[in-house]
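Listed below, chain by chain, are the residues.
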Amino acid sequence: MTQHTRSTCPYCGVGCGVLIESEAGRITGVRGDPAHPANLGRLCSKGATLHLTARPEVQEQVRLLQPLRRAARGAAAQPIAWDTALDTLAQRIAATVRQHGPDAVGLYVSGQLLTEDYYAFNKFAKGLLGTNNIDTNSRLCMSSAVAGYKATLGADAPPACYEDIAQASTLFIAGANPAWAHPILFRRIEDARRANPALKIIVCDPRRTDSAALADLHLALRPGSDLWLLHGMLRCMVEQGWTDPAYIAAHTSGWTALQAQVAQATPEAVWQHCGIAPADLLQAARWFAGVESGSDPRRPTLSLYCQGLNQSARGTDNNAALIHLHLACGQIGKPGAGPFSLTGQPNAMGGREVGALANQLSAHRNLADPRHRAEVAALWGVPEVPAAPGKAAVEMFEAAAEGHIKLLWIACTNPAHSLPDQALVRRALQRAEFVVVQDAYAGVATARFADLLLPAATWGEKEGTVTNSERRISRVRAAVPAPGQAWADWRIVTQVARRLQPLLPQRAALPGLFPYEGPEAIWNEHRESTRGRDLDITGLDWALLEAAPRQWPCPTGQAEGTARLYADGRFATADARARFVPQQPGGVAEPTDARYPLALLTGRLRDQWHGMSRSGTVESLWAHAGEPVAQMHAADMARLGLRDGDLAYLTSRRGSIVAPARASDELASGQVFLPMHWGDEVLGGASSTGRRLAGVNALTTAARCPQSLQPELKHAAIKVLKA
Ligand code: SF4
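Numbers given for residues are sequential positions, taken from 1 along each chain in its written order. In keeping with the model being predicted, local features are shown solely for residues with a pLDDT of at least 70 and side-chain atom pairs are shown and tallied solely at 80 or more, while totals for entire chains, interfaces and linings include all residues.

K.L.:
What's the story with the overall build of the protein chain in this structure? I'm lost.
P.N.:
Strands here are runs of E lasting at least two residues and helices are runs of H or I lasting at least four, both read from the DSSP assignment and numbered beginning at the N terminus. Regarding its fold elements, the protein chain presents 26 helices and 28 strands. Since a compact globule built from 723 residues should have a radius of gyration of about 27 Å, the 25 Å found for the protein chain is in line with a globular shape. Judged by the C-alpha coordinates and their principal axes, the protein chain covers about 70 × 65 × 55 Å. We call two residues in contact if the C-beta atoms placed from their backbones are at most 7 Å apart. Counting only contacts in the protein chain whose residues sit at least 6 apart along the sequence, the fraction spanning at least 24 positions is 73%. C-alpha atoms define the radius of gyration in this analysis, and the globule rule sets the expected value at 2.2 Å times the number of residues to the power 0.38.

K.L.:
Whenever I open this one, the sheet that holds strand E19 (residues 464-467) confuses me. Can you help?
P.N.:
Across a sheet, paired strands are connected by hydrogen bonds in the backbone, their directions being either parallel or antiparallel. Being paired, for any two strands, means DSSP has found at least two bridges between them. Read across the sheet, three strands follow the order E19-E20-E21 without closing on themselves; strand pairing throughout is antiparallel. If you trace the sheet from one side to the other, it starts and ends with E19 and strand E21 (550-551), each paired once. The pairing of E19 with strand E20 (residues 472-476) spans four bridges and is antiparallel. Across the sheet, residue glycine 464 finds its bridge partner in E20, namely valine 476.

K.L.:
Would you mind showing me how to read the packing of helix H4 (residues 115-129) against helix H23 (residues 519-529) here?
P.N.:
To describe two helices that pack against each other, one gives the angle between their axes and the distance between the axes. One way to put it is that H4 packs onto H23 with a least axis distance of 9 Å and a crossing angle of 70°. With respect to H23, the axis of H4 lies roughly perpendicular. Seen from above, H4 lies across H23 with left-handed handedness. From H4, Thr115, Glu116, Tyr119 and Ala120 reach across to H23, where they touch Pro519, Ile522, Trp523 and His526. To obtain each axis, a line is fitted to C-alpha atoms, and for helices this fit is confined to the stretch in contact; angles are then taken between N-to-C directions over 0 to 180 degrees. Angles below 35 degrees are treated as roughly parallel, those above 145 as roughly antiparallel, those between 65 and 115 as roughly perpendicular, and all remaining angles as oblique. By convention the crossing between two helices is left-handed if the near helix lies anticlockwise of the far one by an angle smaller than a right angle, and right-handed if it lies clockwise.

K.L.:
Could you clarify how one ought to interpret the sheet that holds strand E3 (residues 26-32) in this entry?
P.N.:
One open sheet holds the three strands; their spatial order is E1-E2-E3, and the pairing between them is antiparallel. Of all the strands in the sheet, the pair left with one neighbour each is strand E1 (3-8) and E3. The sheet shows a mean angle of 30° between the axes of neighbouring strands, taken without regard to direction.

K.L.:
How should the UniProt feature "domain: 4Fe-4S Mo/W bis-MGD-type" (unreviewed entry) in the protein chain be read in this particular structure?
P.N.:
UniProt positions are given in the numbering used here, feature names are shortened, and annotations may be inferred rather than shown by experiment. If you check UniProt for "domain: 4Fe-4S Mo/W bis-MGD-type" (unreviewed entry), the listed places come out as residues 2-58 in our numbering. This span, residues 2-58, is 12% helix and 35% strand, and a straight line between its end C-alpha atoms measures 21 Å.

K.L.:
What is the right way to look at the domain arrangement of the protein chain in this model?
P.N.:
Many structure descriptions define interface size as the accessible area lost when the parts assemble. Annotation of the protein chain at the domain level lists domain 1 (3-62), domain 2 (68-141 + 347-551), domain 3 (143-345) and domain 4 (598-722). Delimitation of the domains relies on an automatic or database domain assignment. The straight-line distance from the C-alpha centre of domain 2 to that of domain 4 is 31 Å. Of the residues lining the interface, 18 residues belong to domain 2; the matching set on domain 4 comes to 20 residues. When residues of the side of domain 2 that touches domain 4 are traced back to their parent elements, those giving at least two are helix H19 (393-401), helix H20 (415-418) and helix H21 (422-431). Top element by residues in the side of domain 2 that touches domain 4 is H21. It accounts for three residues. Throughout, the ten residues Ala, Val, Leu, Ile, Met, Phe, Trp, Tyr, Cys and Pro are labelled nonpolar, Asp, Glu, Lys and Arg are labelled charged, and all others, Gly among them, are labelled polar. In terms of residue class, the side of domain 2 that touches domain 4 is made up of 10 nonpolar, five polar and three charged.

K.L.:
How should the environment of serine 656 be read in this particular structure?
P.N.:
By the secondary structure assignment, serine 656 is in strand E26 (residues 656-663). For the pair serine 656 and asparagine 697, spaced 41 residues apart in the sequence, the C-alpha separation amounts to 9.6 Å. Among residues more than four places away in sequence, those in contact with serine 656 are Tyr649, Leu650, Thr651 and Ala698.

K.L.:
Please clarify how the environment of glutamate 712 should be interpreted in this entry.
P.N.:
As for its position among the elements, glutamate 712 is in the loop between helix H26 (680-683) and strand E28 (715-722). A residue is called partly exposed when the number of other C-beta atoms within 10 Å of its own lies between 12 and 20, exposed at 12 or fewer, and buried at 20 or more, with C-beta atoms placed from the backbone. Its 24 C-beta neighbours within 10 Å are what place glutamate 712 among the buried residues. Placed 292 residues apart in sequence, glutamate 712 and proline 420 show a C-alpha to C-alpha distance of 8.2 Å. Those residues in contact with glutamate 712 that sit more than four places away from it in its chain are Gln311, Ser312, Ala313, Val588, Ala589, Thr701, Ala703 and Arg704.

K.L.:
Explain the packing of helix H5 (residues 143-152) against helix H16 (residues 315-328) to me, please; I cannot follow it from the model alone.
P.N.:
At a closest axis distance of 8 Å, the pairing of H5 and H16 adopts a crossing angle of 50°. Here H16 runs oblique to H5, going by the angle between their axes. Judged by the twist between their axes, the crossing of H5 over H16 is right-handed. On H16, the residues touching Ser144, Ala145, Ala147, Gly148, Ala151 and Thr152 of H5 are Gly315, Thr316, Asn318, Asn319, Ala320 and Ile323. In terms of residue class, the contact of H5 with H16 is made up of five nonpolar, seven polar and no charged.

K.L.:
I would appreciate a short explanation of helix H14 (residues 278-289) in the present structure.
P.N.:
An α-helix turns once every 3.6 residues. As a result, residues three or four positions apart point the same way. Given a rise of 1.5 Å per residue, 12 residues ought to cover 16 Å, and the 16 Å separating the end C-alpha atoms of H14 matches this to within 8%. Taken as a whole, H14 has its buried residues at Asp280, Leu281, Ala284, Ala285, Trp287, Phe288 and Ala289. Positive phi appears at glycine 290, one or two residues downstream of H14, with a value of about 80°. The span you would expect from a helix comes to 1.5 Å times its residue count less one.

K.L.:
I tried to follow the nonpolar core on my own but got confused; where do I start?
P.N.:
For soluble globular proteins, the rule of thumb is that nonpolar side chains tend to be buried together. Any set of buried Ala, Val, Leu, Ile, Met, Phe, Trp, Tyr and Cys residues joined through C-beta atoms within 7 Å is what this text calls a nonpolar core. Within the largest apolar cluster, 192 residues are counted, with the highest numbers of intra-cluster contacts made by Val109, Phe121, Leu229, Met233, Leu408 and Val436. For methionine 233, the contacting residues outside a window of four places in its chain are Leu281, Ala284, Ala285, Phe288 and Leu325. Grouped together as the second largest cluster of nonpolar side chains are 26 residues, Leu601, Leu642, Phe673 and Val696 included.

K.L.:
Explain helix H13 (residues 267-274) to me, please; I cannot follow it from the model alone.
P.N.:
Buried within H13 we find Val270, His273 and Cys274. Considered in projection along H13, the buried side chains sweep an arc of 80° and stay on one side of the axis. The directions from the helix axis to the C-beta atoms form the arc being described.

K.L.:
Even after reading the chapter, I still don't get the confidence of the model for the protein chain, so can you show me in this structure?
P.N.:
Reading fine detail from the predicted coordinates is not recommended where pLDDT is low. Each residue carries a pLDDT value, the predictor's own confidence for that position, ranging from 0 to 100. Of all residues in the protein chain, 98% attain a pLDDT of 70 or more, and the chain-wide mean is 95. The low-confidence segment residues 682-692, where pLDDT is below 50, has nine contacts with residues more than four positions distant or belonging to other chains. Two numbers describe this predicted complex: its pTM, 0.96, and its ipTM, 1.00.

K.L.:
What exactly am I supposed to notice about the environment of alanine 220 here?
P.N.:
Considering the arrangement of structural elements, one finds alanine 220 in the loop between strand E10 (217-219) and helix H10 (226-240). Along the primary structure alanine 220 and cysteine 204 are separated by 16 residues, whereas in three dimensions their C-alpha atoms are 6.0 Å apart. In this structure alanine 220 touches Asp205, Pro206, Arg208 and Ala668, once residues within four positions along its chain are discounted.

K.L.:
Would you mind showing me how to read the pairing of strand E2 (residues 17-23) here?
P.N.:
Of the pairings in the sheet, the one linking E1 to E2 comprises six bridges and is antiparallel in character. Its bridge partner being in E2, serine 7 is matched across the sheet by valine 18. By the bridge criterion, six bridges tie E2 to E3 in an arrangement that is antiparallel. If you follow isoleucine 20 over to E3, its bridge partner there is valine 30. Where E2 hands over to E3, the hairpin turn is made up of two residues, of which alanine 24 adopts a positive phi near 50°.

K.L.:
Would you mind going over unusual backbone geometry with me for this structure?
P.N.:
Outside of glycine, negative phi angles account for most residues, and trans bonds account for most peptide bonds. Geometrically, the link from tryptophan 552 to proline 553 is a cis peptide bond, its omega value of 0° lying close to zero. Residue placement: proline 553 occurs in the loop between E21 and strand E22 (578-579). Look at arginine 471: it is not a glycine, yet its phi comes out positive at around 65°. Here arginine 471 lies in the loop between E19 and E20. One non-glycine residue, alanine 576, adopts positive backbone phi at about 65°.

Okay, structure coming up:
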């Protein structure tokens, strides 16, 4: 008989609800959950084929099904018992701490972990081990949004919700292609357009994407010129009298200083830096300000933005500059208005909530604040939480490459594919003395470097919670048992912690720090950690979550979540005022020049997900794009003697890859687009020079935003030659 299990899609941050169909311990189908507020029954091509990723014949081929140990690098990995694997890891960590201190251990985790997994990893590093060297691949995705929110609004809290899409009069989509990267959210945009033909849609993107095709105004700005554009729009608003002086006076600080800084973003300067015509700049500013028709009340504007702003050496400034526009026009805290960052991964938000970044603590607490460290230490029952910030993602691999980090524990992420500057990452993985890979999938590129492989459970097999882009917490449920010897991630961490605690002199005498027998106990500890914080979920117990997903905050005594933040104009800063923060416009980290004259742009394809470990197992998803193609402007191809399908060498200062080239009218001359999904685990084998390929991240730069430490994965300077 068919069982139906309510759960959540494990792909993107839209966080769609799914109904998993299963029979006799096998997943047989999946449907959109009509009761889930994120998707109301809809699923995109990836979500609708999830059951195909769980077919037994697929599982047998791609899953890591038992713990494995390599006697030496390059040797075949041999099966070992779970007990042996856990003892080995605990003893290696203890020995590393004894010889080199806790900061010689680095944990690199993932926005695809569930909140309870994330919580356990964070407590393991900061509470048990005594290091802040834990970071997540969400650093590559959302850390600029985090830093932008905190700098301006005082807390890492997206103020808007999905329902605002239907209530907006203008949608400002910046550095995002939701038609492909957030498809079910894009259905809402299409619905809003149908319901309100007067809706204005502005898309800022160097490429003419499917999202841009729906736009009334496509601002095809030059890569990395976002700050000039956003400053130019603010300058226009000031000059035209479209700002909201009453809102600025009542609810913000820093306005005078910022006005002086944006004065340099004249229409001529915006044209020069962005390639955006003055008339388009003025139109964008008018629609954003919501003053299209002079006599109307101000119309609401919602911004939707993602990696185009975040994955930049100026990521935090990009985010803050966009939020400035909302504050200047009072476009926040009301239906249809506000800045709304779209999360890439399914649980990037959950990781931020539990503080699993190298510079964060639980429940949005600040590592730098001694009071916050004391609160977390008391909650965990440990004497202290270390004060020094840990290594952020790229820094962690730099430290390993330099020999400072000796042991890397990598869970549910594939840095040998997804981090920038793969030459650096591979040096780090080779130099680290002990590398642990905890993953559901055996074939990830990072697994080749592992000394110890731990099999993890994945979608359809594990219990816990995730938080989507609109702060909505949903249950993830198991429909079937995990295959082979795979375990839930929180369970693996808990078991290692129980073995490690007696081996650490400073923690051995404490009561057991990891008493958990299931995710509900971890959830309750996390829930308590949020008491009195901006994301307070003390009112959201497991039973309430079982009934329906809810948005945080949801404090004690509040049965429902909170759809929209800052409706009262009070922000999460000390003086309750939002801040205009000083910033200077600038460009990309690595400008093109005579040697590397082309701008490489990277991004997602519609039907694949990240490194394709899961989505790549579904045949129908390959129909959209069967190989990585370097899209280029026809004039550039002609100049280089390339025809459609010819192989091209793409070279940056860090490496080379080979890919077929194809002409595209979505790009301006001087630009090349490559998707992010392919790495050497998929390209499989050697290029004609005998070197293994490493996908687009052989080319990308580790240059990063100084505030958020998010690398500039979106852009690098390259040259292209016919292969
Ligand atoms: Fe899954 Fe995202 Fe598609 Fe929804 S939009 S079904 S969450 S991939």
